[in-house]
Structures are given as structure tokens and as C-alpha cells.
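Results of the structural survey
Read off the chains here:
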Amino acid sequence: MKAIVIDGCCKAEDLQINEIPVPVVRPGWVLVKVHAAGLNHSEALLRMFEADNEYINTPIVPGIECVGEIADASDSAFCKGDKVIALMGGMGRSFNGSYAEYALLPTGNVFRVETNLDWVSLAAIPETYFTAYGSLTECLMLGRDDTLLVRGATSTVGQAAIQIAKAIGATVIAAARRASSFPMLEHIGADHCIIDDEAISRQQLPVRPNKALELVGPKTLRDTLLAVTRPGYVCNTGILGNVFTVEHFDPIKFIPNGVFLTGFFSNYPTRKAIDGLFSLIREAGIKPLYSRVFALDQIVEAHTLLERGGAGGKIILKISE
């Protein structure tokens with residue numbers, strides 16, 4: 001089968017199609033014929049910085065999510081031909097991921113879905129929308145009476161979060177670095193748009209949020225904690241600011257009185273969460289967002305765009321019809 005394989009850290013232009021054997025099925029795992037896969041910032045980080053580390057099982061096929069159909073159900077409850085999504089659990093890091101025509105995946109990270117979406121639209125959902133949905137429902141317990149600040153609103157997870165929050169009924173404040181992004185953010189549901197000057201807590205906001213989704217990460221986390229009401233709730237999910245930790249973190253001084261800080265880790269999707277997400281997408285008529293679609297033989301162009309940013313949304317790798 002055709003697959004993208006990396007042996008260690010490399011440049012985008014080093015990526016190329018390889019011919020490797022179709023994986024052999026084993027108990028507890030299923031073989032998925034991959035139709036499409038969403039690309040993620042973490043895959044660019046893997047290629048650029050992480051692939052030389054011992055905890056990455058190189059040579060590796062990258063890709064932390066995919067959509068497709070069951071090619072071999074092994075000893076699982078799946079049936080051949082089931083339409084499925086798969087995400088996380090070590091995909092593309094501990095074992096081969098989705099940049100391939102077939103993927104051998106643990107059954108616990110594969111989910112049957114009932115949907116009429118085409119493969120490309122479906123591929124925009126798994127990691128991005130699950131991350132947004134989990135952050136808002138499990139961590140922030142978002143409700144229709146809440147006002148949510150989405151920091152990093154133009155990111156793929158940020159855009160999905162706006163759609164999901166509006167479907168829940170919340171008021172949404174979208175924070176972005178450029179005013180030119182405001183029309184798009186308003187189009188997908190943002191009630192208010194503000195410039196992220198890294199000092200939102202000092203701005204005169206149109207309405208003060210009681211909950212916040214932090215996607216920029218530790219770089220702006222303290223400011224986000226100061227921006228919400230008391231009581232207030234902040235979920236740190238992203239690291240778009242490329243600052244990965246809070247130096248000399250002192251929770252007593254760092255977290256304001258009356259503000260609750262949590263974080264969402266997407267590595268363990270559950271059947272309940274996936275069913276809840278797809279139910280909301282159907283009931284609210286949410287249209288999955290993506291910006292660019294590339295074929296497997298366009299992987300260099302796709303990863304160059306992924307690395308540099310500026311795609312304006314989710315990048316999809318279309319692998320088969």
C-alpha cells in the first residue's frame with residue numbers, strides 16, 4: 001500500500017510516498033481502509049521536533065486521526081464495510097497512523113458513525129470537533145446561559161468551538177489577532193469579536209465571559225484567568241502560542257480566587273462523547289469546516305502549509321474515494 005513514512009525529524013520537502021505492506025490484523029485491532037484524514041499541528045511538531053525521541057516508534061506513519069471503513073473486523077464487534085472514524089490513543093506516534101491507504105488500529109479508538117457526510121467533510125470532524133466538544137462539555141460544562149471567550153478563535157478547534165457553543169445556546173466572544181478575521185468568525189456564529197492584544201483582561205469587553213476556552217496556551221493563560229468573572233472557569237486545551245509550560249508555576253498566586261482552571265486531554269475518546277458530538281452535529285445542522293484538500297502525493301505542499309499556518313482552517317488529506 002501507499003504510505004508516508006518518516007524515520008526521524010525532517011523537513012516538509014523530505015516527505016514522500018513509500019510502498020509498505022498492508023498491516024496484518026491481530027486480536028484487539030481492526031484494519032481500516034482510510035478514505036481521508038485531517039492534518040493537525042501536532043503532526044507538524046512531530047516531524048519537526050519530536051520524531052528523533054525514543055518515545056516515538058520510528059519508522060512511523062504519521063497521522064492522529066482518519067475516517068474510512070472497516071476492511072477487516074478481526075475479533076471486534078465491527079462489520080466489514082462499517083463507516084468509522086478513528087483518533088488518538090497513540091496513532092502516528094506509538095503505532096502507524098493515518099497517512100496511508102490502510103491503518104491497523106486498536107478497537108478502543110475506532111468508532112462506528114451514522115452520517116450522510118461525504119468523506120472529506122467527515123474527515124474535518126474527529127480530532128478537531130471532539131477536542132472542542134470535550135473541552136466545552138466535560139471541562140467547562142457549557143450551558144445556554146453562559147458567555148464563552150474563545151481565545152485562538154481562528155484555529156480549527158476555535159472555529160469548531162464557536163459552532164458547538166452556539167449549538168448549545170451560549171453567547172460567544174471570539175478573540176483573534178486580526179480584525180480581518182471578524183467577518184468569518186461572525187459568519188460561523190460569534191456574537192462578539194475582539195482583538196487579542198495579549199491583554200484581554202484589561203480590555204473593556206462588550207460583555208464579560210464567565211467561561212473561557214484557552215487555545216493559545218501558557219503564553220496567555222494568566223491573562224485569560226484574569227479576564228473571566230468570579231466565579232469563572234477556564235479550560236486550557238491548546239498550545240498555539242508555542243509556549244508549552246508555565247515557568248515557576250505557583251497555583252496559589254497564578255490562579256485568581258474564585259476562578260477554576262482545568263484542561264482537556266483528547267487522547268482517550270469514549271463512545272459516549274463521540275455519540276454526543278455526532279448527535280449535536282446532526283440536531284444543530286453543524287456544517288464541518290475545512291479549508292484545503294490535498295491528495296497523498298501532495299503531502300509536501302500540505303505539510304508546508306500546515307507548518308507555516310495560514311490555511312484558514314482544517315487541512316484534509318484525501319487518500320481514496
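See above for the structure.
Residues numbered from 1 in each chain as written. Predicted model: local features only at pLDDT ≥ 70, side-chain atom pairs only at ≥ 80, totals over all residues. Heavy atoms only, no water.

A look at the pairing of strand S14 (residues 292–295)
Our working definition: When DSSP finds at least two bridges between two strands, those strands are taken to pair. Every helix listed is a DSSP run of H or I at least four residues long, and every strand listed is a run of E at least two residues long, numbered separately from the N terminus. By convention a crossover is right-handed if, when the strands point away from the viewer, the path from the first strand over the helix to the second runs clockwise.
Sheet topology note: the S14/strand S15 (residues 315–318) ladder contains four bridges and is parallel. Among the inter-strand pairings, Ala295 is bridged to a residue of S15, identified as Lys318. Each parallel crossover has a hand, and for S14 linked through helix H9 (residues 299–308) to S15 it is right-handed.

A word on the packing of helix H4 (residues 156–168) against helix H8 (residues 271–284)
Definition in use: All axes are obtained by fitting lines to C-alpha atoms, using only the stretch in contact for helices, and the reported angles, taken between N-to-C directions, cover 0 to 180 degrees. Orientation categories follow fixed angle ranges, with anything under 35 degrees roughly parallel, anything over 145 roughly antiparallel, 65 to 115 roughly perpendicular, and all other angles oblique. The criterion used for residue contact is that any of the two residues' heavy atoms lie within 4.5 Å. Gly falls in the polar group here, along with every residue not listed as nonpolar (Ala, Val, Leu, Ile, Met, Phe, Trp, Tyr, Cys, Pro) or charged (Asp, Glu, Lys, Arg).
Across the interface, H4 lies against H8 with an axial gap of 10 Å and an inter-helix angle of 70 degrees. In terms of axis orientation, H4 runs roughly perpendicular to H8. The residues of H8 that touch H4, namely those facing Ile164, Ala167 and Ile168, are Leu277, Leu280 and Ala284. Here the residues of the contact of H4 with H8 are counted per class, giving six nonpolar, no polar and no charged.

Some words on unusual backbone geometry
Residue Pro59 follows Thr58 across a cis peptide bond; omega there is -5 degrees. Mapped onto the secondary structure, Pro59 falls in the loop between helix H1 (41–50) and strand S4 (65–72). Each neighbour pair has its own omega, and for Arg230 with Pro231 the value is 0 degrees, a cis peptide bond. Following the sequence through the fold, Pro231 ends up in the loop between helix H6 (221–227) and strand S12 (232–236).

Description of the pattern of salt bridges
Defined as follows: For salt bridges, the criterion is a side-chain nitrogen of Lys or Arg within 4 Å of an Asp or Glu carboxyl oxygen. Burial classes follow relative accessibility: with a 1.4 Å probe on protein chains only, a residue under 20% of its type's maximum area counts as buried, one over 50% as exposed, and anything between as partly exposed.
For the coordinates displayed, the defined rule picks out eleven salt bridges. When the shortest N-O distance is used, the salt bridge between Glu50 and Arg93 registers 2.7 Å. With Glu50 in helix H1 and Arg93 in the loop between strand S5 (83–87) and strand S6 (102–106), this pair connects stretches of sequence that are 43 residues apart. Relative accessible area serves as the criterion here: at 22%, Arg93 is assigned to the partly exposed category. When salt bridges that share partners are traced, they join Arg151, Asp196 and Asp223 into one network.

Topic: the packing of aromatic side chains
Applicable threshold: Classification of ring pairs rests on two measures: the distance between centres of Phe, Tyr or Trp rings, Trp counted by its six-membered ring, which must be within 6.5 Å, and the angle between planes, read as stacked under 30 degrees, edge-to-face over 60 and tilted in between. Here, over-ring charges are defined by two tests on the NZ atom of lysine or the CZ atom of arginine: distance to the ring centre within 6 Å, and angle to the ring normal within 35 degrees.
Per the stated rule, a full pass over the model turns up five aromatic pairs. Judged by centre distance (5.2 Å) and plane angle (15 degrees), the ring pair of Tyr233 and Phe260 falls under stacked. With Tyr233 in strand S12 and Phe260 in strand S13 (residues 259–263), this pair connects stretches of sequence that are 27 residues apart. Note on Phe260: relative accessible area 46%, which makes it partly exposed. Across from the ring centre of Trp119, 5.0 Å away, lies the NZ or CZ of Lys83, which sits over that ring. A cation sits over an aromatic face here: Lys211 above Tyr233, 5.4 Å from the ring centre.

Side note on the side chain of Ser135
Here Ser135 shows up in helix H3 (residues 126–139). Overall, the relative accessible area of 0% leaves Ser135 in the buried class.

Remarks on the packing of H3 against H4
Applicable threshold: Helix crossings fall into two classes, left-handed where the near helix is turned counterclockwise from the far one by less than a right angle and right-handed where it is turned clockwise.
Remark: H3 packs on H4, axes separated minimally by 8 Å, with the N-to-C direction vectors making an angle of 50 degrees. It follows that H3 is oblique to H4 by the angle criterion. For the pair H3 and H4, the sense of crossing is right-handed. Note on element contacts: H4 touches H3 through Thr156, Val157, Ala160, Ala161, Gln163, Ile164, Ala165 and Ile168, opposite Thr128, Tyr129, Thr131, Ala132, Tyr133, Leu136 and Thr137. Here the residues of the contact of H3 with H4 sort into ten nonpolar, five polar and no charged.

Let's talk about H1
What H1 keeps buried is the set Glu43, Ala44, Leu45, Leu46, Arg47 and Glu50. As for H1, its buried residues are in contact with strand S3 (29–38) and H9.

Focus: the nonpolar core
To keep it simple, the criterion reads: Residues belong to one nonpolar core when they are buried, are Ala, Val, Leu, Ile, Met, Phe, Trp, Tyr or Cys, and are joined through side-chain atoms within 4.5 Å.
Ile85, Leu136, Ile162, Ile164, Leu185 and Leu277 are the most contacted members of the largest nonpolar core, which totals 52 residues. Breaking this core down by element, the ones donating at least two residues are S5, helix H2 (119–123), H3, strand S8 (147–151), H4, strand S9 (171–176), helix H5 (182–187) and H8. When residues of this core are assigned to their parent elements, the largest contribution, seven residues, is made by H4. If we ignore the near neighbours within four places in the chain, the residues touching Ile164 are Tyr129, Ala132, Tyr133, Leu136, Leu277, Leu280 and Ile286. Judged by nonpolar contacts, the second largest core, of 42 residues, contains Val32, Leu39, Cys66 and Leu317.

Digging into the pairing of S15
In this structure, S3 lies alongside S15, joined through three bridges in antiparallel fashion. Among the inter-strand pairings, Ala37 is bridged to a residue of S15, identified as Leu317.

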